[in-house]
Amino acid sequence: MSATAAKSAMNIALPSITSKEGMYGINVREILEKSVSKLNGQEMEYDKGMINKYLATMLQGECFISMFIGKDLTG
């Protein structure tokens, strides 16, 4: 993953200016954690801080909840 890809992942996953919620889930956490290590240099410290702050407050668990019980359409 390059610094450009890491910055793109950050822009996609973190909440936007007009939204309070960003993306979450195990895969998103892994990608953001990997992104932090790819953002190097003094100019990237702010972005790294934003990612770390989001990871600290990010919803836990998976974002997909199955509504299908696997047998029929009841419930």
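Look above for the structure.
All of the points below concern the structure found in this document. (Residues numbered from 1 in each chain as written. Predicted model: local features only at pLDDT ≥ 70, side-chain atom pairs only at ≥ 80, totals over all residues. Heavy atoms only, no water.)

### Side note on the environment of Lys 34
The line we're drawing: Secondary structure elements are taken from DSSP: a helix is a run of H or I of four residues or more, a strand is a run of E of two residues or more, and numbering for both begins at the N terminus.
Residue position: Lys 34 is located in helix H2 (residues 26-38). Sequence separation of Lys 34 and Met 1 is 33 residues, and the distance between their C-alpha atoms is 8.1 Å.

### A short note on the packing of helix H1 (residues 3-13) against H2
Worth spelling out the cut-off: Between N-to-C directions, angles cover 0 to 180 degrees, with each direction set by a line fitted to C-alpha atoms, over the stretch in contact for helices. Angle categories: roughly parallel below 35 degrees, roughly antiparallel above 145, roughly perpendicular from 65 to 115, and oblique for all the rest. Crossings are sorted by hand: turned counterclockwise from the far helix by less than a right angle, the near helix makes the crossing left-handed, and turned clockwise it makes it right-handed. In what follows, a contact means two residues having at least one pair of non-hydrogen atoms within 4.5 Å. Classification used: nonpolar for Ala, Val, Leu, Ile, Met, Phe, Trp, Tyr, Cys and Pro, charged for Asp, Glu, Lys and Arg, polar for all others including Gly.
Packing of H1 against H2 leaves a shortest axis separation of 9 Å and a crossing angle of 135 degrees. Here H1 is positioned oblique relative to H2, judged by the angle of their axes. Judged by the twist between their axes, the crossing of H1 over H2 is left-handed. Residues Ala 3, Ala 6, Ala 9, Met 10 and Ala 13 of H1 form the contact with H2, whose participating residues are Val 28, Ile 31, Leu 32, Ser 35 and Lys 38. Residue composition of the contact of H1 with H2, grouped by class: eight nonpolar, one polar and one charged.

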